[in-house]
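Descriptive structure summary
Below are the chains, spelled out letter by letter.
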Amino acid sequence: MFSEQMTPLSVLRDGIRLIWRFVKRHPASFGLAVTGAALFAGAIIASARVIGWVTDTVIIPVLDEGVDPADLLAPAALLILAVAVSKAGGIVLRRTAAMWLQLRTRQDVRNELLAHQLRLKMSWYNRQAVGDLLAVAESDVDQGTGVLAPLPYATGVTLLLFGTTTMITLIDPWLGLGALIGLIVVLVVDVRGSWITYSMWEEVQRARGEVSAVAHESFDGALTVKSLGREDYVSDRFGHVSDEVRDRLIRVNSTWASYQAVIRVLPQVMIVCLLVVGAARIEAGAVTPGELITVAYLLALLAFPVQLIGFVLWDLAGSLAGWRRVQDVFDAEEFVTYGDVLARERGEPAPLDGETVGFAYDEEGAVLEDLELHLRAGTTLAVVGPTGSGKSTLSLLLARLWDPDAGAIYLDGADLRSFSISELPKEVAYVAQNAFLFDDTVAGNITLGEEFSETELRQAGRLAGAEGFISELPDGYDTQLGERGTTLSGGQRQRIALARALIRRPRLLILDDATSAVDPSVEAEILRSLKSAELPSTVVVVAYRPASIRLADEVVYVDEGRILAHGAHDDLLETSPGYARLVQAYEEDARRMAEEAS
Amino acid sequence: MSGEQATGRVLGRAMRLAPALRKGLRLTLLMAMAGQAITVVTPVVIQMIIDDEILAPEGIVMRDVLWKAALALATLAVGVVVGRAAVLRLIRSSATGLSDLRTMTFRHLLKRSVLHVEADRRGDLVSRVTSDVTTLQEFMEWGGVGMVIAGSQVILALGVMIYYEWRLALVALVGVILYLLLMRWFQRVLARNYDTVRVEVGRSLGVLSESISALPVVRSYGIEGSTKEKVADALDKRFWIEFRTARLGNILFSSAEVFAGALTAGIVVGGILIGTSQGMTAGTLVAFLFLTNLLIEPLQIVVETLEFAQSAASGLRRILGVLDSEVDMPDPEEPDHLRPGGLSARMHQVRFAYPNGNEVLTDITVDIPVGSRVAVVGETGSGKTTFAKLLVRLLDPSRGSVSIGGVDARRIPLEELRSRVAFVPQEGFLFDDTVGANVRYGQPEASDAEIWTAFHELGLGPWVESLPRGLETQAGERGGNLSSGERQLVALVRAWIGSPDLLVLDEATSAVDPALDVALRHAIERLTEGRTSVTIAHRMATAEGSDEVLVFDQGKLVERGRHRDLLSRGGVYAALYADWAAGTKTV
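Residues numbered from 1 in each chain as written. Chains lettered and ligands numbered in written order. Predicted model: local features only at pLDDT ≥ 70, side-chain atom pairs only at ≥ 80, totals over all residues.

1. Let's talk about the overall build of chain A
Per the secondary structure count, chain A includes 22 helices and 10 strands. The C-alpha atoms of chain A give 36 Å as radius of gyration, which overshoots the globular expectation for 598 residues (25 Å, by more than 25%). With respect to the principal axes defined by its C-alpha atoms, chain A has extents near 120 × 55 × 50 Å. Evaluated residue by residue, chain A yields a buried proportion of 51% over its 598 residues. Long-range contacts, defined as pairs at least 24 residues apart, comprise 79% of the intrachain contacts of chain A with a sequence gap of at least 6. (Helix = DSSP H or I, 4+ residues; strand = E, 2+ residues; numbered from the N terminus. Rg over C-alpha atoms; globule rule 2.2 N^0.38 Å. Buried ≥ 20, exposed ≤ 12 C-beta atoms within 10 Å, placed from the backbone. Contact = placed C-beta atoms within 7 Å.)

Right, dumping it as structure tokens:
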């Protein structure tokens, strides 16, 4: 979409700005790279000069006039070698320094990206697709800094073009003019061709993305596809998007091949034309044969680099596109703010208060409205309500993963927002429904790198109902879980995440449907043991299952973002018809079934 | 060299599989060679102008110079046109052939049970039809085309050299061979380094992406500092290994320039020596210098492409590996057909073990009569789900047999089997399409009206009406716009609309909002009415309402019978039931 707005000139302007941003952080390596590039360009010009000199002083005198070559051979060979060595030196310097610049920049950007994201609010994070954020940190950073590697080369080629025209002009103004016109034509064709094919490549990439999406979806849904016997339909769909890639590839490559053919032949055409002009100038006595050979040799040497310069434009445009997505992350400035309240000693539960709490994800309407909640220290509270009633939102606010839009939440009478950075997690542990596990051992996943004794570890595992399956793992608590813990079932992952919270003996524990994938009986067992363990915690649990709800001291019934009832489970069954209906749905159903059966 | 031969064989097989790759290849190569003639025109014309004009005793005749230049330009024009045509042909055939190969691979993969058995390998399999094919495509477009062009340039330049002066050409040839050997050696040295680079790059990206995905956990546990440190360490390690390898590569490859210089110097010295003793014109030697220059660049391309070819070939090998793998559930060679009407199911001494030897089911024998409602219960890992997959032939038993309607399941054509037997998996998978289109996966010909009716018949009319755009509502990626309970609702309707004669259903375990849960249960009840059904029950109410309960424990069928009888027996089932009862009753 941006290809329409971008023009070669805007790419050049924005590109230079982007490059400057990178280069100013590592000026020394950039300076070295450019020095290397200049050395490289100088050596190429010198090599043509040497060939001209060899033609004039060795080849023609010896082979045409019969001069004795004895004293001439060694200097000629050494001269050619010396130029080659300095060219090689230039290349090493240029490429190595450019690599340093590029790799260091990537490292910097990735570190800064992570640091930046860690400062942003979860409300920002939740608006992003995690897959997109990963792509930004991985491929977009690579792409965004992609231009840094060929940059010194491009600088070298530019120097080479200037040097070449200058030298040819010095040899003979007419040849110089011819070379200048020729090179300008080559550059124009090259830039135009690269530009057009670049936009077409973007489409190929989009089509490839489509292929990948269809493949992922089809394979993820393979069970469904096969059980419905729809393999052919899905395969045809895949074939269709694959052919789309094919057609676009043919289109872009055909265009590219045409431009490429012209770009490759132009230097040859130039050489032939310059030979004609050169012959006339030799006839007029203005140039020597050696000088003409120098000019021709230079143009021959230029043919290859000039073919590549168009790609720098690709790199530049590609970098800009990649960087735009990186910059979007850096531009997000919804930072979390902190105060200076410190956490208290662990050991006793914390009272929790919410006052006139309001929250909305967007303008479309409040998720929570004017919510009042007061919990004595040590209470277990169940939050009950239908899907979409705001239960999860409430628990996110209580853990300060989000901040309320209105009102405030207090722990020990202190506004959650007044806690200093990293202090609140010492008081509050939040366990989500989707348990995230790190590529680490079971123990590492529970301690998260903090110091805990073996006893504490095992106790947490036992409380979370995880002891049984952990002991069956090959290395018990030291078992490596692998990426995202995929080897474990959902319920097992949830229990490890629960142990992670329990080992910290938080003063406030929030379980947001954190045992949903655990068998009902195991869930009840966990909740019971939590209560009997005399855990020094105030507990807030979002739950569906009646048995879990029954274990709480108090219940709040939430619907449409408001607390409709708050009290003991038994009282609420009497006083709140909505609550009774919701909680007793199972029983009603079972009773009805029993009646039907009899 | 055996590695390259193997590469050749792999390419040969690919060409047989996707004939589009091979079509007209010989003509294309000839055309490419002819197109490359343009590169040797300049040296030849330089030689002619030096020897016949500049150094000629009669001096320069401009008319002749112009004629020669005109001839050269004409050759260039022809060369460009032919060369371009060759490239176009090459591009067209490779793009077509590879797209065919890709679709073929996809089709084959979809037939394999590994997709749903080893879910963790899915990502890897996706890359067979994405990145592996893309590598091949890029190789064909850049490497393949470049190699053809560069190769013909080398051959032509050497040819012209031999025509001018074979002894000096020999010097160049020896140089070229030495250069190739040197480059191959460098490449091997580097390849070893690249392997470690790849590992380190993968590791650092793993750490980085894990940290980003874990952001909510990092925040709620206040471990920002250690997370940043972990990432910074991994990135720094990666930097050094990448940088050191790049530096080594630069040093090795820049030595090519020194070698090119040495070769040029060798040609000058050799040319002078041969010239003075055997007689050679100055123009010829100058032409040789230009021709030598023509040898070096393409050789670099050829060498780089060889490396590229290795990675393309290993991608191709992986693809062929997929195509070679046997379809684990082939259609029967001597098919048997199902009779119309209700279907019974039967398992006889069935054992199932995964390829890694992990035994999931042991010696299961069970009869499910037509029209009965069977519930399967057992703890997680007891083998219930595998039992269900065997019944619908998503897996084949390692031993024993499964028969449907009295016919061995392996002898029923898959299409027929799928149209008569429906399976509703636990995770109702939805495609990124509308709700209606998702239902249509169960019955492609179903009209909108029929889909509406299906929802109503299952008592889900109010639900579908509550959707913002009804049947046209987008389900989102993997059905993400709907809750897990709602996804299963759609999956139920999808099964219903195919009006199967045997239904196998895996109830969702995830706790859902009770109102939705009740709707689900009613829908399931309607769905199983009047047909043979096997339900993996996670709610005991399902078991209570069934005709027979099968109780699995550690891969064995330990109890079977009616709910009431099993309960009074006081075994595994009674214990499960007690657990459940404690977990759901409200008083």
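2. With respect to the overall build of chain B
A tally of regular secondary structure across chain B gives 21 helices and 10 strands. Relative to a compact globule of 587 residues, whose C-alpha radius of gyration would be 25 Å, chain B shows 36 Å and is clearly more extended. Here the C-alpha coordinates of chain B stretch approximately 120 × 60 × 50 Å along the principal axes. Per-residue burial over chain B gives 47% buried out of 587 residues. Considering only residue pairs separated by 6 or more positions, chain B has 78% of its internal contacts joining residues 24 or more positions apart.

3. With respect to the environment of Ile91(A)
All names here are of chain A. Mapped onto the secondary structure, Ile91 falls in helix α4 (residues 73-119). Residue class for Ile91 comes out buried when judged on the 24 C-beta atoms lying within 10 Å of it. In this structure the C-alpha to C-alpha distance between Ile91 and Asp190, which are 99 residues apart in sequence, comes to 24 Å.

4. What to know about the packing of helix α15 (residues 448-457) of chain B against helix α17 (residues 484-497) of chain B
Helix-helix packing: each pair is described by the crossing angle between the helix axes and the interaxial distance. Residues and elements named next belong to chain B. Viewed as axis vectors pointing N to C, α15 and α17 meet at an angle of 115°, and their least axial separation amounts to 10 Å. With respect to each other, α15 and α17 are oriented roughly perpendicular. For the pair α15 and α17, the sense of crossing is right-handed. Each of Glu450, Ile451, Ala454 and Phe455 in α15 lies in contact with α17, whose residues at this interface are Val493, Trp496 and Ile497. Partitioning the contact of α15 with α17 into residue classes produces 6 nonpolar, no polar and 1 charged. (Axes fitted to C-alpha atoms, helices over the stretch in contact; angles between N-to-C directions. Parallel < 35°, antiparallel > 145°, perpendicular 65-115°, else oblique. Left-handed = near helix turned anticlockwise from the far one by under 90°. Nonpolar A, V, L, I, M, F, W, Y, C, P; charged D, E, K, R; others polar.)

5. Observations regarding the pairing of strand β7 (residues 502-506) of chain B
A regular strand places its side chains so that they alternate between the two faces of the sheet. All names here are of chain B. Most of β7 sits out of view: 5 of its 5 residues are buried. Going residue by residue along β7, you find Leu502, Val504 and Asp506 tucked away on one face and Leu503 and Leu505 tucked away on the opposite face as well. By the bridge criterion, 4 bridges tie strand β6 (residues 421-424) to β7 in an arrangement that is parallel. Across the sheet, Ala422 pairs through a bridge with Leu503, a residue of β7. Relative to strand β8 (residues 532-536), β7 runs parallel, the two being bridged by 5 bridges. Residue pairing in the sheet places Val504 in a bridge with Val534 of β8. (Pairing = 2+ DSSP bridges.)

6. Remarks on the nonpolar core
Residues Leu275(A), Ala296(A), Leu299(A), Val286(B), Val376(B), Leu492(B) and Val493(B) are the most contacted members of the largest nonpolar core, which totals 285 residues. The element that contributes the greatest number of residues to this core is helix α10 (residues 231-283) of chain A, accounting for 22 residues. When sequence neighbours within four positions are dropped, the list of residues in contact with Leu275(A) reads Ala296(A), Val45(B), Ile46(B), Ile49(B) and Ala69(B). Counting residues in hydrophobic clusters, the runner-up holds 81 residues, among them Leu401(A), Ala466(A), Ala497(A) and Leu498(A). (Core = buried A, V, L, I, M, F, W, Y, C linked by C-beta atoms within 7 Å.)

7. Here we look at unusual backbone geometry
All names here are of chain B. Phi angles above zero are rare outside glycine, and Asp363 is one such case at about 45°. As for its position among the elements, Asp363 is in strand β2 (residues 359-368). What makes Asp363 partly exposed here is the crowd of 14 C-beta atoms within 10 Å. Unusually for a residue other than glycine, Gln554 sits at a positive phi of about 45°. Residue Gln554 is classed as partly exposed on the basis of its C-beta count, with 14 C-beta atoms lying within 10 Å.

8. Considerations on the sheet that holds strand β4 (residues 406-411) of chain A
Residue and element names in this part refer to chain A. Pairing is antiparallel across the open sheet formed by 4 strands, whose spatial order is β2-β1-β4-β5. A strand with exactly one partner marks an edge of an open sheet, and here the two such strands are β2 (368-375) and β5 (414-415). In this structure, β4 lies alongside β5, joined through 2 bridges in antiparallel fashion. If you follow Tyr410 over to β5, its bridge partner there is Asp415. In this fold helix α12 (residues 391-398) packs onto β1 (352-359), β2 and β4, with an angle of close to 120° to the strand it touches most, β1.

9. Digging into the packing of helix α8 (residues 166-213) of chain B against helix α10 (residues 224-278) of chain B
All names here are of chain B. For the pair α8 and α10, interaxial distance at closest approach is 9 Å and the crossing angle is 175°. Considering their axes alone, α8 and α10 lie roughly antiparallel with respect to each other. In terms of residue class, the contact of α8 with α10 is made up of 26 nonpolar, 11 polar and 7 charged.

10. Structural notes on the confidence of the model for chain B
Residue and element names in this part refer to chain B. Residues at a pLDDT of 70 or more form 96% of chain B, whose mean pLDDT is 86. No element of chain B has a lower mean pLDDT than helix α5 (residues 114-117), which averages 61, and none a higher one than strand β4 (residues 399-404), which averages 94. Note that residues 1-5 has pLDDT below 50 and, in this model, 0 contacts with residues that lie over four places away or in other chains. Both confidence scores are given for the complex: pTM 0.78, ipTM 0.84. (pLDDT = per-residue confidence, 0-100.)

11. Things to note about the interface of chain A and chain B
Every contact between the two is made by 134 residues of chain A and, on the other side, 135 residues of chain B. When residues in the side of chain A that touches chain B are grouped by element, the largest group, 27 residues, is from α10(A). Of the residues assigned to the side of chain A that touches chain B, the class counts are 83 nonpolar, 28 polar and 23 charged.

12. A look at the sheet that holds strand β3 (residues 373-378) of chain B
All names here are of chain B. Taken in spatial order, the 6 strands of this open sheet run β6-β7-β8-β3-β9-β10, and their pairing is mixed. Across the chains shown, the open sheet's two edge strands, defined by having one partner strand only, are β6 and β10 (556-561). Taken pair by pair, the neighbouring strands of this sheet meet at an average axis angle of 15°, ignoring direction. Of the strands in this sheet, β3, β6, β7, β8 and β9 (548-553) touch helix α12 (residues 384-391), which is tilted by about 150° from β8.

13. Some points on the environment of Ile50(B)
Structurally, the position occupied by Ile50(B) is in helix α3 (residues 37-54). Ile50(B) gets classed as buried once you count the C-beta atoms within 10 Å, which come to 27. Taking the C-alpha atoms as reference points, Ile50(B) and Val176(B), separated by 126 residues in sequence, lie 27 Å from one another. In this structure Ile50(B) touches Pro289(A), Leu55(B), Ala282(B), Gly283(B) and Val286(B), once residues within four positions along its chain are discounted.

14. Quick look at the environment of Glu525(B)
Residues and elements named next belong to chain B. One can find Glu525 in helix α18 (residues 514-528). Note on Glu525: 16 C-beta atoms within 10 Å, which makes it partly exposed. Each C-alpha atom of the pair Glu525 and Thr542 lies 8.9 Å from the other, and the pair is 17 residues apart in sequence.

15. Considerations on the pairing of strand β3 (residues 380-384) of chain A
Residues and elements named next belong to chain A. Counting buried positions over the 5 residues of β3 gives 5, a clear majority of the element. Here β3 shows no split at all, with Thr380, Ala382 and Val384 on one side and Leu381 and Val383 on the other all buried. In this sheet, strand β8 (residues 538-542) lies alongside β3 in parallel orientation, the contact comprising 4 bridges. In the sheet register, Val383 faces β8, and the bridge partner there is Val542. When β3 meets strand β9 (residues 554-559), the two strands line up parallel, connected through 4 bridges.

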